[in-house]
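Next come the chains, spelled out residue by residue.
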Amino acid sequence: MKPFQQVARSLALAAAANLPFNAPAAPVPVVQSRYVVTERLTLHYLESGHGDGTPVILLHGYTETSRMWRPLMARLGGDRTVIAPDLPGEGDSGIPADGYDKATMARDIHALVHKLGYRKVNLVGHDIGLMAAYAYAAQYPDEVQSVTLMDAFLPGVGDWQKVWLLRDKWHFNFYGETPLKLVQGRERIYLEHFWNDFAADPEHSLSEADRRYYAASYARPGRMRAGFEYFHAFPQDAEAFARFARTPLTMPMLVLGGEKASGSFLITQATLVDTRVQGVIVKGAGHWLMEESPEQTIPAITRFIDQVSPAHRSLRIAPTPPSQTQPSREQP
């Protein structure tokens, strides 16, 4: 059916039903699955959008993968490229033997960005991903247009030992052979502790489809061990972040805290590491902002990035070499 025929049919249907006519929605950007090989490991990432806007890098948190960002990618991928990597050790990225401290992980993401030919980016991170986003900005401040941090905390910054997540401090020490054996074959039971107990309402947290996908993903060989190492590295992260904080960042920073989770805690921490912080409390939400309250979270992020991203062409260098595109196990 031709475009004008589609519009005419929509008008006729709307008139018959006595409803207002809404023009057809803009096409949803295609999400492609790609890989980049850096000096340290192979990183898998999802990519959508194109154009002259400064690219956006989306960094997921623990118990999830790049899959969590698909709804936001659909909104951001208009006049800019949006890239959502799987963090080292998770999803379809390689599993390094070490280097799970967030400064090293940030350098991994930086290597990916440069492989793709980009210099300046906007960073968005949730949970463990926000720690990697902050470490990226702290190590490469001239290459970051803006930072968005979403509900967790920054180890080593301010009164971080009183963060609400420390009710699960046992988990920071839950690594090694015995924990791995306890969780093996029970990955979903283990992961649902986070999905349910950190949500404002477990019935309105992650979807059943997402739970099945992530449980299967983390059950793959080596993935749970890698996830445990994110927490094992917290003492090293705290030392690095305390050092980074001595030189405050100056780029715009948006901080989103779930009302029923970190609340204003992360916003307060952010003011200790950046001079241009905007804080937003996501009403009624727990830790899983994208899943619990997309109607508040997605517009807040898109508005912020639209405001801070320059209108001129993004700074890009020649990609070396081009990334290899492979079929994704995820459905577009």
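Residues numbered from 1 in each chain as written. Predicted model: local features only at pLDDT ≥ 70, side-chain atom pairs only at ≥ 80, totals over all residues. Heavy atoms only, no water.

Draft legend 1. Region of the structure containing the pattern of salt bridges. In total, this model carries 12 salt bridges according to the counting rule given. In this structure, Asp306 engages Arg80 in a salt bridge whose closest nitrogen and oxygen atoms are separated by 2.9 Å. Residue Asp306 is located in helix H12 (residues 294–308), and its partner Arg80 is located in strand S4 (residues 80–85); the two are separated by 226 residues in the primary sequence. Sharing partners across several salt bridges, the network here consists of Arg188, Glu192, Glu208, Arg211 and Arg212. (Salt bridge = Lys/Arg side-chain N within 4 Å of Asp/Glu carboxyl O. Helix = DSSP H or I, 4+ residues; strand = E, 2+ residues; numbered from the N terminus.)

Draft legend 2. Examining the confidence of the model for the protein chain more closely. Looking at the protein chain, pLDDT values average 88 and 83% of them are 70 or higher. Low pLDDT, under 50, characterises residues 1–25; the predicted model gives this stretch 9 contacts beyond four residues in sequence or across chains. Predicted confidence for residues 322–332 stays below pLDDT 50, and this span has 25 contacts to residues more than four positions away or in other chains. (pLDDT = per-residue confidence, 0-100. Contact = heavy atoms within 4.5 Å.)

Draft legend 3. Structural detail: the nonpolar core. If you look at the biggest cluster of nonpolar residues, it comprises 99 residues, and the most contacted ones within it are Leu58, Tyr62, Trp69, Ile128, Tyr136, Tyr190 and Phe241. By residue number, the principal contributor to this core is helix H4 (residues 128–139), which donates 9 residues. Excluding its chain neighbours within four sequence positions, the residues that come into contact with Tyr62 are Asp127, Ile128, His171, Tyr190, Phe194, Tyr218, Met224, Gly227, Phe228, Tyr230, Phe231 and Trp288. (Core = buried A, V, L, I, M, F, W, Y, C linked by side-chain atoms within 4.5 Å. Buried < 20%, exposed > 50% of the residue type's maximum accessible area, 1.4 Å probe, protein only.)

Draft legend 4. Seen up close, the packing of helix H3 (residues 102–115) against H4. The N-to-C vectors of H3 and H4 enclose an angle of 75°; their axes lie 8 Å apart at closest approach. Of the possible angle classes, the one that applies to H3 and H4 is roughly perpendicular. Taken together, the residues of H4 that come into contact with H3 (itself represented by Lys102, Ala103, Met105, Ala106, Arg107, Ile109, His110 and Val113) are Ile128, Met131, Ala132, Ala135, Tyr136 and Gln139. A per-class count over the contact of H3 with H4 returns 10 nonpolar, 2 polar and 2 charged. (Axes fitted to C-alpha atoms, helices over the stretch in contact; angles between N-to-C directions. Parallel < 35°, antiparallel > 145°, perpendicular 65-115°, else oblique. Nonpolar A, V, L, I, M, F, W, Y, C, P; charged D, E, K, R; others polar.)

Draft legend 5. Region of the structure containing the pairing of strand S2 (residues 42–48). With 6 of its 7 residues buried, S2 lies for the most part within the structure. Of the strand pairs in this sheet, strand S1 (residues 32–37) and S2 are connected by 6 bridges, and their pairing is antiparallel. Bridge pairing in S2 places Gln32 opposite Glu47. Two elements, S2 and S4, share 4 bridges in a ladder whose sense is antiparallel. Opposite Glu47, over in S4, you have Ile83 as the bridge partner. (Pairing = 2+ DSSP bridges.)

Draft legend 6. View of the environment of His126. By the element assignment, His126 lies in strand S5 (residues 121–126). Distance from His126 to Ala152, taken between C-alpha atoms, is 7.2 Å for residues 26 residues apart in sequence. Sequence-distant contacts of His126, that is, excluding residues within four places in its chain, are made with Leu59, His60, Gly61, Glu64, Met68, Trp69, Met150, Asp151, His287 and Trp288.

Draft legend 7. Representation of helix H7 (residues 208–218). All of the buried residues along H7 are Asp210, Arg211, Tyr213, Tyr214, Ala215, Ser217 and Tyr218. Lining the buried residues of H7 we find helix H6 (187–197) and helix H8 (223–232).

Draft legend 8. Expanded view of the packing of H6 against H7. Following both chains from N to C, one finds H6 and H7 inclined at 130°, their axes separated by 9 Å at the closest point. The pairing of H6 with H7 is recorded here as oblique in orientation. Crossing hand, H6 versus H7: right-handed. Taken together, the residues of H7 that come into contact with H6 (itself represented by Glu187, Arg188, Leu191, Glu192, Trp195 and Asn196) are Glu208, Arg211, Arg212, Tyr214, Ala215 and Tyr218. (Left-handed = near helix turned anticlockwise from the far one by under 90°.)

Draft legend 9. Quick look at the environment of Gly176. Looking at where Gly176 falls in the secondary structure, it is placed in the loop between strand S6 (144–150) and helix H5 (177–183). The sequence separation of Gly176 and Glu229 amounts to 53 residues, and the corresponding C-alpha distance is 9.1 Å.

Draft legend 10. Unusual backbone geometry, seen in detail. Despite not being glycine, Thr63 shows a phi value in the positive range, around 75°. When you line up the elements, Thr63 lands in the loop between strand S3 (53–59) and helix H2 (70–76). With relative accessibility at 1%, the residue Thr63 sits in the buried group. Residue Asp151 is not a glycine yet carries a positive backbone phi of 45°. Classification of Asp151 by relative accessible area gives buried; the value is 0%.

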